[in-house]
Amino acid sequence: QVQLVESGGGLVQAGGSLKLSCAASGRTVSSYVMGWFRQAPGKEREFVAAIRWSGGSIYYADAVKGRFTISRDNAKNTMYLQMNSLKPEDTAVYSCAARLGMQITTSARIYDYWGQGTQVTVSS
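Residues numbered from 1 in each chain as written. Predicted model: local features only at pLDDT ≥ 70, side-chain atom pairs only at ≥ 80, totals over all residues. Heavy atoms only, no water.

**Q** Before we go on, may I ask you to explain the pattern of salt bridges in this structure?
**A** Working definition: two side chains of opposite charge can pair if their charged atoms are close together. Here the structure, examined in full by the defined rule, presents 4 salt bridges. For Arg 38, the salt bridge is made with Asp 90, and the minimal N-O distance between the two is 2.9 Å. Of this pair, Arg 38 sits in strand E4 (residues 32–39) while Asp 90 sits in the loop between strand E8 (78–83) and strand E9 (92–100), and the two are 52 residues apart along the sequence. The partner of Lys 65 in a salt bridge is Asp 62, with the nearest N and O atoms 3.0 Å apart. Given a relative accessible area of 62%, Asp 62 falls into the exposed group. Each member of the salt-bridge network shares a partner with another, and the members are Arg 38, Glu 46, Arg 67 and Asp 90. (Salt bridge = Lys/Arg side-chain N within 4 Å of Asp/Glu carboxyl O. Helix = DSSP H or I, 4+ residues; strand = E, 2+ residues; numbered from the N terminus. Buried < 20%, exposed > 50% of the residue type's maximum accessible area, 1.4 Å probe, protein only.)

Structure representation (structure tokens):
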């Protein structure tokens, strides 16, 4: 079992930056894959990025490649999403997720644990 808590969302102007955090607790996450998803009102949940906690595997959705960076701090059991060059289309509730395993997956239904989400709003 793992508990996830996101933070760092807010309102930002297009072209600006935000850094989201996802703090994990409850057990070690060294054998987990963790990812970020986002969901706008009335839209399907969308994969953003994922990372294998032990290293060696990172994957980004095409919509955020070159703009977003996923990372993790092992000592703090915290995952980050650095978001640069933000666009209004990035506006959504961003949630972090985790699953036990070693292989990256973009399918939300495969992830077992979820945070409560943090709102990111990008104005034009």
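**Q** I keep staring at the pairing of strand E1 (residues 3–7) and nothing clicks. Help me out?
**A** The side chains of a regular strand alternate between both faces of the sheet. Of the two faces of E1, only one is covered, namely that formed by Leu 4 and Glu 6; the face formed by Gln 3, Val 5 and Ser 7 stays uncovered. The sheet contact formed by E1 and strand E3 (residues 18–25) spans 5 bridges and is antiparallel. Opposite Leu 4, over in E3, you have Ala 24 as the bridge partner. (Pairing = 2+ DSSP bridges.)

**Q** Just checking my understanding: could you explain the sheet that holds E3 for this structure?
**A** Pairing is antiparallel across the open sheet formed by 4 strands, whose spatial order is E1-E3-E8-E7. The sheet is open, and its two edges are formed by E1 and strand E7 (68–73), each paired on a single side. Each strand of the sheet is rotated relative to its neighbour by a mean of 15 degrees, with strand direction disregarded. (Axes fitted to C-alpha atoms, helices over the stretch in contact; angles between N-to-C directions.)

**Q** I would appreciate a short explanation of the packing of aromatic side chains in the present structure.
**A** Throughout the structure, instances matching the rule amount to 6 aromatic pairs. Seen from their ring centres, Phe 37 and Phe 47 are 5.6 Å apart, and the 75 degrees between their planes marks the pair as edge-to-face. You can see Phe 37 sitting in strand E4 and its partner Phe 47 sitting in strand E5 (residues 46–52), a full 10 residues away along the chain. For Phe 37, a relative accessible area of 1% translates into the label buried. Taken together, Phe 37, Phe 47, Tyr 59, Tyr 111 and Trp 114 form an aromatic cluster joined through their ring pairs. (Phe/Tyr/Trp six-rings, centres within 6.5 Å; stacked < 30°, edge-to-face > 60°.)

**Q** What is the right way to look at the environment of Ser 7 in this model?
**A** Secondary-structure assignment places Ser 7 in strand E1. Given a relative accessible area of 39%, Ser 7 falls into the partly exposed group. Those residues in contact with Ser 7, other than ones at most four positions away along the chain, are Lys 19, Leu 20, Ser 21 and Thr 118. (Contact = heavy atoms within 4.5 Å.)

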